[in-house]
Amino acid sequence: LRTHGLSIFCSKKSQHMHSAFSGNTNSDSVIYYKLQHSIKARFLRFVPLDWNPNGRIGMRIEVYGCTYRSEVVGFDGKSCLIYTFNQKLMNALKDVISLKFKAMQSDGILLHRKGQNGDHITLKLIKGKLSLLINLGDTKTHPSNAQINITLGSLLDDQHWHSVLIEHFNNQVNFTVDKHTHHFHAKGEFSYLDLDYELSFGGIPVPGKSGTLSHRNFHGCFENIYYNGVNIIDLARRHKSQIYVGNMSFSCLEPRVVPVTFLSSSSYLALPGTSGQDEVFISFQFRTWNKEGLLLSSKLHQASDGFVLYLSDGKVKISLHRPGKVLSAGLNNGQWHSVSFSAKRNRISVTVDNDVMSSAHASIPLQIYSGDAFYFGGCPNSGNISECNTSFGAFQGCMRLISIGNKGVDMISVQQNIFGNFSDLQIDLCGIIDRCLPNYCEHGGGCSQSWNSFYCNCANTGYKGATCHYPIYEQSCEAYKHRGNTSGFYNIDSDGSGPLRPFLVYCNMTDTTWTIIQHNNTNLTRVKSANRENPHTVFFKYSASLDQLQATINHAEHCEQELAYHCKKSRILDKPDGMPLSWWIGRTNETQTYWGGSLPAVQKCACGLEGSCIDSQHYCNCDADRDEWTNDTGFLSYKEHLPVTEIVITDTNRPNSEAAYKLGPLLCRGDRTFWNSASFNTETSYLHFPTFHGELSADVSFFFKTTASSGVFLENLGIQDFIRIELYSPSEVIFSFDVGNGPSEVTVQSLTSLNDNQWHYVKAERNIKEASLQVDHLPQSSLGAPPDGHIRLQLNSQLFVGGTASRQKGFLGCIRSLQLNGMALDLEERAKITPGVEPGCPGHCSSYGNLCHNGGKCREKYSGFSCDCTLSAYSGPFCKKEISAYFETGTSVTYNFQEYYTLAKNSTSHASSFYADMTLNREAITFAFRTTRTPSLLLYVSSFYKEYLSVILTRSGSLQIRYKLDSHQDPDVFSINIKSMADGRLQQVKINREEEMLFVEVIHDVDEETMKANSQGFIGCLSSVQFNHIAPLKAALHHSSSAPVIVRGRFTESNCGILAGADSTSNHSGPIDEQEPLANAIKSDAAIIGGVIAVVIFVILCITAIAIRIYKKKGIYSKNEVKGSENEDSAESALKSELSMQNTASENQKEYFF
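These numbers were taken from a predicted model, which means no experiment stands behind them. (Residues numbered from 1 in each chain as written. Predicted model: local features only at pLDDT ≥ 70, side-chain atom pairs only at ≥ 80, totals over all residues. Heavy atoms only, no water.)

The four strands are arranged E40-E45-E42-E43 in an open sheet whose pairing can be described as antiparallel. Looking at strand neighbours, the two that pair on one side only are strand E40 (536-539) and strand E43 (591-592), the edges of this open sheet. Alignment of E40 against strand E45 (residues 646-649), held across four bridges, turns out to be antiparallel. Residue Thr 537 lies in a different strand from E45, and its bridge partner there is Val 648. (Pairing = 2+ DSSP bridges. Helix = DSSP H or I, 4+ residues; strand = E, 2+ residues; numbered from the N terminus.)

Looking now at the pattern of salt bridges. Under the criterion given, the structure shown has 16 salt bridges. A salt bridge links Arg 69 to Asp 234; its shortest N-O distance comes to 3.8 Å. Highlighted residues: Arg 69 in the loop between strand E2 (43-46) and strand E3 (72-76) and Asp 234 in helix H1 (residues 232-237), separated in sequence by 165 residues. On the basis of relative accessibility, which here comes to 15%, the residue Asp 234 falls in the buried class. (Salt bridge = Lys/Arg side-chain N within 4 Å of Asp/Glu carboxyl O. Buried < 20%, exposed > 50% of the residue type's maximum accessible area, 1.4 Å probe, protein only.)

The next thing to look at is the state of the cysteines. Tallied over the full model, the rule gives 15 disulfides. Here Cys 559 connects covalently by a disulfide to Cys 668, the sulfurs 2.1 Å from one another. Between Cys 559 and Cys 668, the S-S torsion sits near 110°, and that sign places the bridge as right-handed. Here Cys 559, found in strand E41 (residues 558-568), pairs with Cys 668, found in strand E47 (residues 666-669); they are 109 residues apart in sequence, far enough to count as distant. For the pair formed by Cys 559 and Cys 668, the shared burial category is buried. With its sulfur 2.0 Å from that of its partner, Cys 845 forms a disulfide with Cys 858. (Disulfide = S-S within 2.5 Å.)

Let's shift gears to the nonpolar core. Phe 540, Tyr 542, Tyr 565, Trp 584, Val 644, Ile 647 and Leu 666 are the most contacted members of the largest nonpolar core, which has 42 residues in total. Sorting the residues of this core by element identifies helix H3 (477-481), strand E36 (488-492), strand E37 (503-509), helix H4 (546-555), E41, E45, strand E46 (658-663) and E47 as the ones contributing at least two each. Once residues within four sequence positions are removed from consideration, Tyr 542 is found in contact with Ile 517, Gln 518, His 519, Leu 549, Gln 561, Pro 643, Val 644, Leu 663 and Leu 666. One finds Tyr 83, Phe 175, Phe 184 and Phe 218 within the second-largest nonpolar core, a separate group that totals 39 residues. (Core = buried A, V, L, I, M, F, W, Y, C linked by side-chain atoms within 4.5 Å. Contact = heavy atoms within 4.5 Å.)

Turning next to the sheet that holds strand E49 (residues 687-689). Backbone-to-backbone hydrogen bonds pair the strands of a sheet. The strands run either parallel or antiparallel. The sheet built from six strands is open, its strands ordered E49-E58-E51-E52-E53-E54 with antiparallel pairing. Looking at the sheet topology across the chains shown, the edges are occupied by E49 and strand E54 (744-749). Strand after strand, the sheet turns through a mean of 15° between neighbouring axes, direction not considered. Across three bridges, strand E51 (residues 711-717) lies against strand E58 (residues 799-801) in antiparallel orientation. Within E58, the residue paired with Leu 714 across the bridge is Val 801. (Axes fitted to C-alpha atoms, helices over the stretch in contact; angles between N-to-C directions.)

What follows deals with the packing of aromatic side chains. On inspection of all chains with the given rule, the structure shows 30 aromatic pairs. With a centroid separation of 6.2 Å and 85° between ring planes, the pair formed by Phe 286 and Phe 395 is classed as edge-to-face. One end of the pair, Phe 286, is in strand E20 (residues 279-287); the other, Phe 395, is in the loop between strand E27 (373-376) and strand E28 (397-404), and 109 residues separate them in sequence. The exposure classification of Phe 286 matches that of Phe 395, with both residues buried. A ring pair is formed by Phe 674 and Phe 703, whose centres lie 6.1 Å apart and whose planes are at 70°; its orientation type is edge-to-face. Placement of the pair is Phe 674 in the loop between E47 and strand E48 (677-680) and Phe 703 in strand E50 (residues 698-705), with a sequence separation of 29 residues. Using a relative accessible area of 9% as the deciding quantity, one classes Phe 674 as buried. Look at Phe 703 and you get buried, because its relative accessible area is 15%. (Phe/Tyr/Trp six-rings, centres within 6.5 Å; stacked < 30°, edge-to-face > 60°.)

As structure tokens, this is what we get:
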């Protein structure tokens, strides 16, 4: 159905609203139809459905209107009508003005009412749009809303009738143009708008009456002007004294202008010219939305080429003898623009909009004579038409007032084939449509258009898609976390594609995900001299609106906010059940008298609930009213009252009375909707929900996992319309729908099976421009909407999830996090009361286990999963956080695989996982370091049998790995001499041994910023040390009480091993050390882990990998019991021996250099 029109026809979309109108079956009978209700319409459209097969094609229709009173007045653009009303009948708080108008020009004042101090109300046409301007005059008196300007409508200069209604009651204003209404609530000052008792229509009667307004009066007609029920035109016709009438007529005289519409690329208008004339003059007006198009082309007489007027990027250009010259820009704005072309002999002139600045004049080196024909808008497709330049695209738009040789072209004669030739034109109608009205671009997206379609610019909106409907940001920190993101600032869109805009929060990605929302006053604030008459009131403004906060809180599993109240002779509650002396206000704008750590409606502090107040007669510590500082501090955790928006303190006005408060940020944990799921156990089971309303735009997103080959995820039906998403085959998802244009389908085909019992993501969106479907990270599939088709999705049945209304092709499996237009459906709650469906769905590790890094193990939870980092050298929610420590000179960490001494702590069995009778055939060791100190010991591992492994830096800076696998043989020594590794740059080392095969990988980093950081002179740190499944550094830092770890020297945790976002020049750089090289300290201490390591940087420039074979195998030896002290002595002596031999190689030891 076209806007403001009635279509008489029968189609699938309208079958339930109208029936077909059957015609007569013979040549002389008449069929009458009387409509049940009267209909207001701008036009009628009749669509023939069928013809009588026995007769000839023909149709005659007569339409009879209803009784209608019409009072009309016409304005010539130089007159106005002034109405002065009775002040006694004047109601200052209520005004209703209604009228209809037909405009001949795109600009002009329709009505104006002026008051004192510059106050005025004005209704005026500006470029075909109607603007209501309310000016409160003196901005000093009304600074908050000095001017209100609302614009409605478009293309209102189309010489059709348009209706206007303005309703003003108190400070509520309703502004309606052609049934499009804008409601707004003006601020209080608008009620006192000081206006005169005079209203002018059609213009401003006295020049200079208002210097801020345009003086172009209205040119056109008014019909039925009513002011508070008074017929203004009737009063003017009867020459009443309160009416002043300018030069106007009580009729609507319309100039005979016949526009023509160029509909498609095959449209053109060919008009004959007089060949051989030495003077050519052509003028016309056009309007269009397209940036490109041919306006006029003609071949000159006895010349090889001709002249061309055309649009290029919204600019009029002329091409004659040379490339086109730009005349004016921005002419594809839908407004009428005039173009005139004149040529005489060798002189040409082109003017746009009668603007001297937008004109071109040139002399060319040839004589110009007119050709046989002029082609407007395009060229004929058939035949060899050499007179028309086809190198430019066709024009789509309207033209009027075409004149050739100062003689207007009669388009009715053209229509009757008396004059000229044409193709695919609409004559006597400008069919331009403003496709940006209403604006279907959502969330503030900018609308632009061409003749056939509109386009949305979604830049800086936070949304994407053809209509800026779908959010580009996640709805919660939980969703970001399970994309693998780490802690940081993120934009979240708490209502998805709903009206709320995204906002910035801090996501703390620990084992539990916390959303942190700050406010403007987080400091401890002291208060004095406050009483009931003069309270201290503080308001808290958050980084999000209250609506955004509410949506975030509703999503969260738990929210809390710490409120601390410090007091000295400053009471909170005074006495139980009495009038509170201090209170706070939350999101619901209600006064709350419970404090941190307490519960709503209790009117106590935390100590009152626990019975631990310093004075048992009171329920708050501060109510003891002592002359010393105490406090009532705790977390407020009742979600419906959060966040705190206001605190009021009234008891700090007595001698020596003082208080201080501190309100923490709003903290919210988890996301109730992200893991909300249901398991469908039978093909006939389903969940049902209320009807889904997504008439103009709809998006559906969810996760699913299944082993079934097909099934319907969801379905919602209307009388004819429907929407359905289904797994059509193991590798195919189909989104099907019908909005009245016939069933449509969008399909995504996966190269791998989707019924692999892993979670897969589906997002379907449908708007008036297109429908799209995306599955996981596969390319999105889209289907464009038909032009000028039906756009509203009208559903009226229940929404079925996991099945259909017919119970066919039901879904077997799990559906999770189902969202419709940003609103989450509570699958678990509905599943609890539905047979065949169970709440929740286990088995998340199969899909999300890859998020657990560095040896972390995925552990199932009811809602989601967690990463167990026990056997990893890393920590954090995904085992990605580096465990690093700063080592001072002489510091070491010793991890004992076997607790051999008798005074051992009662440690757990997993901490002593290596036993004396174990034989290691393989090791996997990783760590990173950075140092300038040589020689240095990085790692030393020894057994009870005088076997050991050591990793050291030699004095020359080469990395040396020493294996002594046979206590009766000298160690195997492997040296990497590619470069000095004691150059202050980051080195990452991986050592893997499989029996006699050794693999060494060294990753160098040559970041110059790292060198700058190193120049500050820290001693160093170790990071992410892993020996097989043992993480000694992590054990020493995080499990020192239970792990068999001995720490010597000063040992502090550092962030020097953080991978992402680390500032290598700031934290934990360590003090400058001017002592002797580290070797001296190592010789005097039995250091097992030590060295100089710093921040890990991603950039890997060089990888050195060495695979070598250890030729001397370890033999089988008898296992004699050895005392702990002897082993300790042998380990230390072996270490000292190695370090002393770094510069003198033994003749017997085996060395390998690379």
